[in-house]
Amino acid sequence: MALKILAGLLAVLAVFWVVTLWRAARNEAAAEARFPPEGRLIEVEGVTVHAVVEGSGPDVVLIHGASGNTRDMTFSLSKRLARDFRVITFDRPGLGYTEEPDAAGSPIRDQAALLARAAAELGATRPVVVGQSLGGAVALAWGVYQPQALSALVLLAAPAHRWPGGLSPYYRTLSHPVFGPLLAPLLTAWVPESYVRQEIGSIFAPQTPPEGYAEAVGAGLTLRRASLLANALHRRDIKEEVTEMARHYGSLTMPIEVLHGTADDTVYFELHSVALAREVESARLTPLEGIGHMPHHVAQDETVAAIHRAAARAGLTAPQ
């Protein structure tokens, strides 16, 4: 009897897993059909990189944060900037439509190197590099490790120093070499859209997302299995990578504009941006009172002004 019960349970689990894999594949195909690449796919040393190019003028590169893709930046920011700049928006490795070249998850130094090569491939040899959240850490790595390949930095709510606390159970499980590949299909198959909307709302807190953002940002692309795993691996390693990078901040001399909301409870204002501004002479901090983690949406005027200041400080444009 016990063997029959066990066999029955295994059969149920097998059916559930087959259905889960089918639903995961179906949801991935639906997300890619609904949110195809916005720009062009270029080959950079054997790696496919997705880039959206808009406007003309001095070059500005935009780099999205964790769990994101180009649509976070092209929702409205890139279009405003394209009035005065040539704007290149990239998908980071493993997210959107840029390949993840490292099965263990690309370190921020390698992400920066890949995007710098992609920018050069597009003719942007010394752009102003703008990054938000984890994308800000990638932008900072670009400045630390390849200062000759940019003109200025704009950091938006960017982690720059080691912070207290450990990895959450979610990221710890999803980045595990055994449990991660088991959890990812379950998330891809069964996470409801209502949960995605709730998570988007929490990222914007204490503000709210712009109207139409949740529908336009392409969250389904992040819920693909490969993207979930890549994102978790990036999140697993970022603290140690930032800790190592911080040892080199004394070498930074390019113009740096730092914007950070004082109400950001994802990346802490004092710990990261205030400290960076103290350490780097060329860094200018703009505190955004009461603003949370998404200044490029909820404080867009200040963000655009900071990018213009960075370009002017780098000698790319006249001061406004």
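Each value, and the rule that gives it
- Residues numbered from 1 in each chain as written.
- Predicted model: local features only at pLDDT ≥ 70, side-chain atom pairs only at ≥ 80, totals over all residues.
- Heavy atoms only, no water.
- Helix = DSSP H or I, 4+ residues; strand = E, 2+ residues; numbered from the N terminus.
- Expected span 1.5 Å × (residues − 1).
- Contact = heavy atoms within 4.5 Å.
- Buried < 20%, exposed > 50% of the residue type's maximum accessible area, 1.4 Å probe, protein only.
- Pairing = 2+ DSSP bridges.
- Right-handed = clockwise from strand over helix to strand, strands pointing away.
- Salt bridge = Lys/Arg side-chain N within 4 Å of Asp/Glu carboxyl O.

### Here we look at helix α4 (residues 108-121)
Next up, step 1: A rise of 1.5 Å per residue sets the reference length of α4, with its 14 residues, at 20 Å; its end C-alpha atoms lie 20 Å apart and thus fit the reference within 8%.
Next up, step 2: Buried residues along α4 sit in contact with β1 (40-44), β2 (47-55), β3 (59-63), β4 (86-90), α5 (134-145) and α11 (225-245).
Next up, step 3: Gly 123 lies just past α4 and shows a positive phi near 90°.

### Some points on the pairing of strand β5 (residues 128-132)
Next up, step 1: Of all the 5 residues making up β5, 5 are buried; the element is thus mostly covered by neighbouring parts of the structure.
Next up, step 2: Covered by surrounding structure in β5 are Val 128, Val 130 and Gln 132 together with Val 129 and Gly 131, the residues of both alternating faces.
Next up, step 3: Taken together, the 4 bridges between β3 and β5 define a ladder with parallel strand orientation. Note on β5: the bridge partner recorded for Val 61 is Val 129.
Next up, step 4: Pairing analysis gives 5 bridges linking β5 to strand β6 (residues 152-156), with the strands arranged parallel. When the sheet's bridge partners are listed, Val 130 is paired in β6 with Val 154.
Next up, step 5: Taken together, β5, α5 and β6 constitute a β-α-β crossover, and its handedness is right-handed.

### Quick notes on the pattern of salt bridges
Next up, step 1: Under the defined criterion, the tally for this structure stands at 12 salt bridges.
Next up, step 2: A salt bridge links Arg 236 to Asp 237; its shortest N-O distance comes to 2.8 Å.
Next up, step 3: We classify Arg 236 as partly exposed; its relative accessible area is 34%.
Next up, step 4: Overlapping salt bridges bring together Glu 257, Arg 309 and Arg 313 as one network.

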